[in-house]
Amino acid sequence: MKSVESVQPSQGRSVDSDTVLATFDLVVRYGAVVALDGVSIHVRKGEMVALIGPNGAGKSTLLNTLSGINRPASGRIVRKGKLAHVPEGRQVFPDLTVEDNLCLGAYRGGSRNPAPMYELFPQLEKLRYRRAGGLSGGEQQMVAICRALMANPDVIAVDELSQGLAPLVVSDIARHLVELNKQHGTAVLLVEQNAQLALNITSRAYVIENGHIGLEGRSSDLLRNPAVRAAYLGGVR
Amino acid sequence: MTAFVEYLLTGVSRGLVFALLAMGFVLIYRVTRVVNFAQGAFAIFGGFITYSLLKAGVPHGLSELLAVAASALIGLVFGIIAIGGEIPLLASLVITIGLSILSEAIVMLIWGTTPISYSGLAGHDFVIFGAFIQRQYLIVIIASLVVFIALVYGFGRTYFGKAMSACASNPYAARLSGINVKKMGLIAFTLGGALGGLAGVLITPLSPITYSADISLAITGFAAAIVGGLISPGLAVVGGLVFGIAEQFVAGYWSPSNETAVALALLIVLLLWQARRVPVGGLE
Ligand SMILES: Nc1ncnc2c1ncn2[C@@H]1O[C@H](COP(=O)(O)OP(=O)(O)OP(=O)(O)O)[C@@H](O)[C@H]1O
Ligand SMILES: [Mg+2]
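Every value quoted in this text rests on a predicted model; they were computed, and no experiment measured them.

## Overview of the overall build of chain B
Phase 1: For chain B, the count of helices and strands is 11 helices and 2 strands.
Phase 2: Secondary structure elements in chain B, listed N-terminal to C-terminal, are α-α-α-α-β-β-α-α-α-α-α-α-α.
Phase 3: Since a compact globule built from 284 residues should have a radius of gyration of about 19 Å, the 18 Å found for chain B is in line with a globular shape.
Phase 4: For chain B, the spread of C-alpha atoms along the principal axes amounts to about 60 × 45 × 30 Å.
Phase 5: Buried residues in chain B amount to 51% of all 284 residues.
Phase 6: A total of about 12,100 Å² of accessible surface is found on chain B, and carbon and sulfur atoms cover 73% of it.

And the structure:
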């Protein structure tokens, strides 16, 4: 367990000094199911990285392993600095108020003052004393992102930002993520079904299929890649 | 009038003891989502341990305190057994039933089957509206009110209390936020043990208890907790009071043998009412 969270550079493979998060040959199993089969990715300081891939490819498994929810069977995780995870399906605390949801994001440390979040998403301030379980999907996604940001992370991993949300809401929240990245240098690892959106706002990307990293490269290159276009961008033109 | 005041005060104090048991249910459920059926066992341990300590010459006050501490420890041990491993919720629930049966056996082996009681803190009984009131009732009322205020404040207002509530509200998200969900569950079981123990310590001077008293105490406490959907401490207190007072009036004006039947009927009515309002344990 401890070695998984080691912050020292690995024996053998070196970690760039500006890497905040990296995995090496990560293998994760659920019983007999191999969900991740030798996954190596890295995220640099202040970088925006996309992770795209079909259903069941292992995207959420990867994030959960990075967060210490899943234990890897083998491989290594290097984490320098704080990681916050916005889970798939938002996963707010439904019975708690919006404000309590936010404050609990700082459980591991960081300021418990939610005011900066209300500046980021002014809509949330009006909802601060409402039960988070009664909010709309978009509002819950804002709560989930702000809860993660309350930890003052160096890297934020967002699982399925656009899931179940109207396009306008998605682009609004995505814009905030980009802003945050620019202003605070928070690195972003964005898991998305909407490959167009993900590749547009990130600089680098990984394509994961069946627990393997099938492709990686600059997001702008992947946007033009015929295989990616065919599989994830509707294959038009 | 005299009888009325007597029934009312007795009912209120017994109701508050039920409320203490109910709070134990609520506390453990809110953090772990386990309905701890061993909640009544903490009470009999509390009562019997106080009894033995007093008999051994340990003074009043200290005996009660030690008994509550011991019950808290038993709560922790029960917690480790019930939720320590990676087991499904339903299994934890069944384990608490097993622990309750085991507790009866242990208490019977150590203390036998004769009902026990002890006098409450020394002091004179007093008279209100011509009714003789045992001082113990006053002690019960003050002690439980102090505990309730502390709990309601601790749970609803403090950061730690919110972190505890978050565990049951969404265990996965709680872990992602860095909350040690298992540790919080064990803390809840420890506090639940203390609450149950305090209930036993307080009720034994009012009515003798036996090794098997845990079942009826657990049922009444559970019923009171249901009033608040197993998650509201405030409504659990209301529930406890309703049961305590109803029980005394039925016993006093009608017949003591109808006491349990009426409590159960009341429970069914409350369950139906509760089901219409919010789903029980509506934590989703
Ligand atoms: N708790 C679990 N128990 C068993 N198998 C699981 C579990 N969680 C995921 N899996 C399996 O692991 C594989 C990867 O699942 P994962 O949820 O990581 O995929 P994903 O890329 O996030 O998919 P989606 O886009 O649908 O969210 C799938 O085959 C899935 O069935
Ligand atoms: Mg997923």
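## Thoughts on a nonpolar patch on the surface
Residue and element names in this part refer to chain B.
Phase 1: On the surface, L102, I106, L109 and I110 cluster together to form a nonpolar patch covering roughly 410 Å² of accessible area.
Phase 2: Structurally, L109 is set in helix α4 (residues 89–111).
Phase 3: When its relative accessible area of 73% is taken as the criterion, L109 is described as exposed.

## Remarks on the sheet that holds strand β7 (residues 155–159) of chain A
All names here are of chain A.
Phase 1: Strand order in the open sheet formed by 6 strands is β6-β7-β8-β4-β9-β10, and the pairing between neighbours is mixed. Each edge of the open sheet carries a strand with a single partner, namely β6 (83–86) and β10 (212–218). Taking the axes of each pair of neighbouring strands and ignoring which way they run, one obtains an average angle of 15° across the sheet.
Phase 2: Here 5 bridges tie strand β4 (residues 48–52) to strand β8 (residues 187–192), and the two strands are oriented parallel to one another. Its bridge partner being in β8, L51 is matched across the sheet by V191.
Phase 3: Across the sheet, helix α5 (residues 137–149) lies against β6 and β7, angled at about 170° from β6, the strand it touches most.

## Some remarks on the pairing of β4 of chain A
All names here are of chain A.
Phase 1: With 5 of 5 residues buried, β4 is to be regarded as a mostly interior element.
Phase 2: Burial along β4 is two-sided: the residues M48, A50 and I52 and V49 and L51 are all buried.
Phase 3: Pairing analysis gives 4 bridges linking β4 to strand β9 (residues 204–209), with the strands arranged parallel. Its bridge partner lying in β9, L51 is registered against Y206.

## Points about the coordination of the magnesium ion (ligand 2)
Phase 1: Every protein donor of the magnesium ion (ligand 2) is listed here as S60 of chain A (OG) and E88 of chain A (OE), and their distances to the metal cover 1.9 to 2.2 Å. With S60 of chain A in helix α1 (residues 59–66) and E88 of chain A in the loop between β6 and α2 (98–104), this residue pair connects regions lying 28 residues apart in the sequence.

## Examining unusual backbone geometry
Phase 1: Phi at R90 of chain A takes a positive value of approximately 70°, unusual for a residue other than glycine.
Phase 2: If you check the backbone angles, R33 of chain B has positive phi at about 65° while not being a glycine.
Phase 3: Summarising the element assignment, R33 of chain B is placed in the loop between α1 (2–32) and α2 (39–55).
Phase 4: Residue classification places R33 of chain B among the partly exposed residues on the basis of a relative accessible area of 22%.

## Examining the side chain of S13 of chain B
All names here are of chain B.
Phase 1: Mapped onto the elements of the fold, S13 is located in helix α1.
Phase 2: On the accessibility criterion, S13 (0% relative accessible area) is buried.
Phase 3: Within the structure, the side chain of S13 is placed 2.6 Å from the backbone oxygen of L9, a separation counted as a polar contact.

## Some words on the site of ligand 1
Residues and elements named next belong to chain A.
Phase 1: The local shell around ligand 1 holds 13 residues, among which G56, K59, S60, T61 and Q193 are the closest.
Phase 2: Contact distances for ligand 1 include 2.8 Å between an oxygen atom and a side-chain N or O atom of K59.
Phase 3: In isolation ligand 1 exposes 630 Å². Once the protein is present, 61% of that is buried.
Phase 4: For the shell around ligand 1, a count of residues per class yields 4 nonpolar, 6 polar and 3 charged.

## Focus: the interface of chain B and chain A
Phase 1: If you look at the interface, chain B gives 19 residues, while chain A gives 20 residues.
Phase 2: In total, about 1,900 Å² of surface goes out of reach between chain B and chain A, with carbon and sulfur atoms giving 59% of it.
Phase 3: Contact with chain A buries area across many residues of chain B, yet Y159, Y172 and L176 of chain B alone supply 38% of it, more than any other trio.
Phase 4: Applying the counting criterion to the chain B and chain A interface returns 1 salt bridge.
Phase 5: Note that D100 of chain A is salt-bridged to K162 of chain B, the shortest N-O span being 3.0 Å.
Phase 6: Where chain B packs against chain A, one counts 8 residue pairs in polar contact (both at pLDDT 80 or more).
Phase 7: Looking at the side of chain B that touches chain A residue by residue, the class counts come to 10 nonpolar, 6 polar and 3 charged.

## Re the packing of α5 of chain A against helix α6 (residues 167–184) of chain A
Residues and elements named next belong to chain A.
Phase 1: Relative orientation of the contacting elements α5 and α6 amounts to 15°, with a least axis distance of 10 Å. Overall, the two elements α5 and α6 adopt an arrangement that is roughly parallel. The interaxial crossing formed by α5 with α6 has right-handed handedness. Only V169, D172, I173 and L180 of α6 make contact with α5, whose side of the interface consists of G138, Q141, M142, I145 and L149.
Phase 2: Residues that form the contact of α5 with α6 fall into these classes: 6 nonpolar, 2 polar and 1 charged.

## As for the environment of T210 of chain B
Residue and element names in this part refer to chain B.
Phase 1: With respect to the helices and strands, T210 occurs in the loop between α8 (181–203) and α9 (213–227).
Phase 2: Classification of T210 by relative accessible area gives partly exposed; the value is 22%.
Phase 3: Distance in space between the C-alpha atoms of T210 and T113 is 6.4 Å, their sequence separation being 97 residues.
Phase 4: Discounting residues that sit within four places of it in the chain, T210 has contacts with I44, F48, T113 and P115.

## Quick notes on the packing of aromatic side chains
Working definition: an aromatic ring pair is given by the centre-to-centre distance plus the angle between the planes.
Phase 1: Scanning the model with the defined rule gives 9 aromatic pairs over all chains in all.
Phase 2: Taking 6.1 Å as the distance between ring centres and 25° as the angle between the ring planes, the aromatic pair formed by Y107 of chain A and Y159 of chain B counts as stacked. With Y107 of chain A in the loop between α2 and α3 (115–120) and Y159 of chain B in helix α6 (residues 159–169), the pair connects residues from two separate chains.
Phase 3: A residue is classified by how much of its surface remains accessible, and Y107 of chain A, at 25% relative accessible area, is partly exposed.
Phase 4: Given a relative accessible area of 16%, Y159 of chain B falls into the buried group.
Phase 5: Ring-pair connections join several aromatic residues into one group, and the members of that group are F4, Y7, F249 and Y253 of chain B.
Phase 6: Cation over ring: R112 of chain A sits above Y159 of chain B, and NZ or CZ is 3.5 Å from the ring centre.
Phase 7: Against the face of F93 of chain A rests R147 of chain A, its NZ or CZ located 4.9 Å from the ring centre.

Cut-offs used in this document
- Residues numbered from 1 in each chain as written.
- Chains lettered and ligands numbered in written order.
- Predicted model: local features only at pLDDT ≥ 70, side-chain atom pairs only at ≥ 80, totals over all residues.
- Heavy atoms only, no water.
- Helix = DSSP H or I, 4+ residues; strand = E, 2+ residues; numbered from the N terminus.
- Rg over C-alpha atoms; globule rule 2.2 N^0.38 Å.
- Buried < 20%, exposed > 50% of the residue type's maximum accessible area, 1.4 Å probe, protein only.
- Areas by Shrake-Rupley, 256 points an atom, 1.4 Å probe, with all protein chains shown as cover.
- Patch = residues over 30% accessible without salt bridge, like charges linked within 9 Å, V, L, I, M, F, W, Y side chains within 5 Å.
- Salt bridge = Lys/Arg side-chain N within 4 Å of Asp/Glu carboxyl O.
- Pairing = 2+ DSSP bridges.
- Axes fitted to C-alpha atoms, helices over the stretch in contact; angles between N-to-C directions.
- Contact = heavy atoms within 4.5 Å.
- Donors = N, O, S within 2.8 Å, 3.2 Å for Na, K, Ca; no water.
- Polar contact = N/O pair within 3.5 Å; in protein donor to acceptor, adjacent residues only side chain to side chain.
- Near = heavy atom within 4 Å.
- Nonpolar A, V, L, I, M, F, W, Y, C, P; charged D, E, K, R; others polar.
- Buried area = accessible area lost by both parts, 1.4 Å probe.
- Parallel < 35°, antiparallel > 145°, perpendicular 65-115°, else oblique.
- Left-handed = near helix turned anticlockwise from the far one by under 90°.
- Phe/Tyr/Trp six-rings, centres within 6.5 Å; stacked < 30°, edge-to-face > 60°.
- Lys NZ or Arg CZ within 6 Å of the ring centre and 35° of its normal.

No statement about biological role is implied by the geometric values presented.
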